[in-house]
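Topology and contacts: notes
Okay, here's what each chain looks like letter by letter:
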Amino acid sequence: MLLRMSLRLVVLLFLFPACFCIAQATSQLPLHTSNYQIVDAAGHPIRLMSVNWYGFDEKEYVPGGLDHVPLTTIVGLIKSMGFNSVRLPWANETLEKNPLVSDYAIKANPQFRGKHAMEVMDAVIDALAKAQIMVILDNHVSRADWCCKDDDDNGLWYNAQYPESAWLADWITIVRRYRKQPWVVGVDLRNELRSGATWGGDKKFDWHAAAQRGGNAVITVNPKLLVMIEGPQYSTDFRGAEKLPIVLKLPNRAVYSPHAYSFGTHYKNYAELKATFDERAGFLLHTQPAIPLWIGEFGTCQTLTPCGSDPNGTWIRGFVRYVKEHPEVGWSYWPLNGMQSSGYSRKYDAPETFGLLTTDYQNIAAPRLLDLFRSIGLQPQA
């Protein structure tokens, strides 16, 4: 009997190595970095395979779908699709004002009636943790709104209403709030730096220096967290990081987080796509100090094709191929949501065309995408 069980385990490890790593992560938190990999507490390599679930960053101040189905239904779908982690965007406004949540935004979850936004966040994170799904807290915007434009006053890590001192204080507050929750494994310091942000240079726009200040503030409160650092140009361009790397007070905590979409791209073939990504971000896998990559956002139409920015699905297939060729690179799809939240150019409860879930949040809307993601480690569960 014991021999048969051992042989079965060997076969499972051979056939499903990605699944084994994920299982290890669930029992051996916290995470840290080692060379160009994220590893668990026992040193086993972990690939963060995440999905973005937005809403705490927008006008409803709660994640999408709580108006359609119970929280446990959405968490169950995340688990069934095979994701081991969730990138959870939030706004400084949501944390600082902590508004009372509107009944319409949580009508399928009456337990949240009369609750404030941060109480709902507590419940969402608890539900994800109970399902053994890791959480990366993402400071998406200062003022709650849809992201992103150059002139939306959310392009830097601060603005007149929310200065850097508030940004740092808010990070300290939210990290302290979840310090005892081991399933909160990381923070994404700021989403898609733009509006003049640079990697070094003028102090007013120097994101590199600000990221080090923010990262050090976070790990002072909770030294167990990963610190995800995005880059300028909507986090598509890390050139400069090879000469000016991120150095935090604690080693083995920093992770670079580029983003990638097909918008404005015109690649003739895969070789051109690969060369462009390598020039702007992929080269970080060969620089020192060694810092892992986690692609915090990439997305396409839920139908895969046709898709306006990628009509034949050439870009998304090419990008997934790139990730497949770099198994040490983690990733996070944008988004989970089946419907939009309120924000700039967005209409509440309008279909989310990039979303993985159906508009009623009860089923998978993008099975072809999930099939594609199997090649980069995702293993849907029964």
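Residues numbered from 1 in each chain as written. Predicted model: local features only at pLDDT ≥ 70, side-chain atom pairs only at ≥ 80, totals over all residues. Heavy atoms only, no water.

**Digging into the sheet that holds strand E1 (residues 32-34)**
Where we set the bar: Between any two strands, pairing holds if DSSP finds at least two bridges. The secondary structure listing takes helices from DSSP runs of H or I that are at least 4 residues long and strands from runs of E that are at least 2 residues long, numbered from the N terminus.
Taken together, the 3 strands give an open sheet; going across it, the order is E1-E2-E3, and neighbouring strands pair in antiparallel fashion. Two strands in the sheet have a free side with no partner beyond their single neighbour: E1 and strand E3 (45-46). In terms of strand pairing, strand E2 (residues 37-39) meets E3 through 2 bridges, oriented antiparallel. Its bridge partner being in E3, Val39 is matched across the sheet by Pro45.

**Side note on the pairing of strand E6 (residues 134-141)**
Convention followed: Each residue's exposure class comes from its accessible area (1.4 Å probe, protein chains only) as a fraction of the maximum for that residue type: buried when under 20%, exposed when over 50%, partly exposed otherwise. Note on handedness: a clockwise path from strand one over the helix to strand two, with the strands aimed away from the viewer, defines a right-handed crossover.
Here E6 lies mainly inside the structure; 8 of its 8 residues are buried. Examined bridge by bridge, strand E5 (residues 85-91) and E6 share 7 bridges and lie parallel to one another. Across the sheet, the residue bridging to Trp90 is Asn139, located in E6. Handedness of the crossover joining E6 and strand E7 (residues 184-188) through helix H6 (residues 164-177) is recorded here as right-handed.

**Thoughts on the side chain of Glu192**
Keep this limit in mind: When charges are counted, neither His nor the chain ends are considered; positive counts come from Lys and Arg and negative counts from Asp and Glu. In the sections that follow, a salt bridge refers to a side-chain nitrogen of Lys or Arg positioned within 4 Å of a carboxyl oxygen of Asp or Glu. Polar contacts here mean pairs of N or O atoms no more than 3.5 Å apart (in protein, one a potential hydrogen donor and the other a potential acceptor; neighbouring residues in sequence count only if both atoms are side-chain atoms). Should any heavy atoms of two residues lie within 4.5 Å, those residues are counted as being in contact.
By secondary structure assignment, the location of Glu192 is in the loop between E7 and helix H7 (207-221). Of the buried charged residues, Glu192 lacks a salt bridge, with Arg194 as the closest side chain of opposite charge at 5.2 Å. Of the polar contacts made by the side chain of Glu192, one reaches the side chain of His259; its length is 2.8 Å. If near-sequence neighbours (up to four positions away) are discounted, Glu192 is found in contact with Cys147, Cys148, Gly155, Glu230, Tyr234, Ser235, His259, Tyr261 and Glu297.

**Digging into helix H10 (residues 314-324)**
All of the buried residues along H10 are Trp315, Ile316, Gly318, Phe319, Val320, Tyr322 and Val323. Where H10 is buried, its residues contact strand E10 (259-260), helix H9 (270-280), strand E11 (294-298), strand E12 (330-333) and helix H11 (367-373).

**A closer look at helix H3 (residues 71-81)**
As a reminder, the rule being used: Of all possible arcs, the one meant is that of the directions from the helix axis to the C-beta atoms.
Looking at H3, one finds that the buried residues are Leu71, Ile74, Val75, Leu77, Ile78 and Met81. Down the axis of H3, the buried side of the element spans an arc of 155°, and every buried residue falls inside it. On its buried side, H3 packs onto strand E4 (49-52), E5, helix H5 (117-130) and H11. With its phi angle positive at about 105°, Gly82 sits one or two positions after the end of H3.

**Brief notes about the environment of Val218**
Relative to the helices and strands, Val218 is located in helix H7. Residue classification places Val218 among the buried positions, given a relative accessible area of 1%. Along the primary structure Val218 and Leu369 are separated by 151 residues, whereas in three dimensions their C-alpha atoms are 34 Å apart. When residues no more than four places from it in sequence are discounted, the contact partners of Val218 are Trp171, Val175, Val187, Leu189, Leu225 and Val227.

**Some words on the sheet that holds strand E9 (residues 254-256)**
Pairing between the strands of a sheet is mediated by backbone hydrogen bonds and can be parallel or antiparallel. Inclusion rule: Axes, fitted as lines to C-alpha atoms, cover a helix only where it is in contact. Angles between the N-to-C directions of the axes lie from 0 to 180 degrees.
Pairing within the open sheet is parallel, and its 9 strands lie in the order E9-E8-E7-E6-E5-E4-E12-E11-E10. Unpaired on one side and paired on the other, E9 and E10 mark the two borders of the sheet. The sheet strands contacting H5 are E5, E6 and E7, and the helix crosses E5 at an angle near 170°.

**Re the packing of H6 against H7**
Heads up, the rule is: Should an angle fall under 35 degrees it is taken as roughly parallel, and over 145 as roughly antiparallel, whereas 65 to 115 is taken as roughly perpendicular and any remaining angle as oblique. Note on convention: the crossing is left-handed when the near helix lies turned anticlockwise from the far helix by less than a right angle, right-handed when the turn is clockwise. Only Asp, Glu, Lys and Arg are considered charged, only Ala, Val, Leu, Ile, Met, Phe, Trp, Tyr, Cys and Pro nonpolar, and every remaining residue, Gly among them, polar.
At their nearest, the axes of H6 and H7 sit 9 Å apart, and the two run at 30° to each other. Comparing the axis directions of H6 and H7 gives the class roughly parallel. Considering only the axes of H6 and H7, their crossing is right-handed. Along the contact surface, H6 presents Glu164, Trp167, Leu168, Trp171, Ile172, Val175 and Arg176, while H7 presents Trp207, Ala210, Arg213, Gly214, Ala217, Val218 and Val221. Its residues assigned to classes, the contact of H6 with H7 comprises 10 nonpolar, 1 polar and 3 charged.

**Focus: the state of the cysteines**
Worth spelling out the cut-off: Note on disulfides: each one is a pair of cysteine sulfur atoms within 2.5 Å.
Taken as a whole and judged by the stated rule, the model has 2 disulfides. Two residues share a disulfide in this structure: Cys301 and Cys307, whose sulfurs sit 2.1 Å from each other. Between Cys301 and Cys307 the disulfide shows an S-S torsion of about 70°. By sign, it is right-handed. The burial state of Cys301 is the same as that of Cys307; both residues are buried. Each disulfide in the protein chain links cysteines that, numbered along the sequence, combine into the pattern 1-2, 3-4.

**Quick notes on the packing of H3 against H5**
A pair of packed helices can be characterised by two numbers: the angle between their axes and the separation between those axes. Axis separation between H3 and H5 bottoms out at 10 Å; the angle between their running directions is 40°. With respect to each other, H3 and H5 are oriented oblique. Remark: the crossing between H3 and H5 carries right-handed chirality. Counted together, Leu71, Val75 and Ile78 of H3 and Ala123, Val124, Ala127 and Leu128 of H5 form the full contact between these two elements. In terms of residue class, the contact of H3 with H5 is made up of 7 nonpolar, no polar and no charged.

**Brief notes about the packing of aromatic side chains**
What counts is decided by this rule: Planes of paired rings set the category: under 30 degrees apart is stacked, over 60 is edge-to-face and the rest tilted, where pairs are Phe, Tyr or Trp rings (Trp by its six-membered ring) whose centres lie within 6.5 Å. Cation placement over rings: the criterion is NZ of Lys or CZ of Arg within 6 Å of the ring centroid and within 35° of the ring normal.
Within the structure shown, the criterion is met by 23 aromatic pairs. Ring geometry for Phe83 versus Trp331: centroids 6.1 Å apart, planes at 70°, classification edge-to-face. Placement of Phe83 in the loop between H3 and E5 and of Trp331 in strand E12 is noted, with a sequence separation of 248 residues between them. Overall, Phe83 belongs to the buried group, its relative accessible area being 2%. Residue Trp331 is classed as buried on the basis of its relative accessible area of 0%. Ring geometry for Tyr104 against Tyr348: centres 5.0 Å apart, planes inclined by 80°, an arrangement best described as edge-to-face. Residue Tyr104 is found in the loop between helix H4 (92-97) and H5, and its partner Tyr348 is found in the loop between E12 and H11; the two are separated by 244 residues along the sequence. Directly above the aromatic system of Tyr344 lies the positively charged group of Lys149, at a separation of 3.9 Å from the ring centroid.

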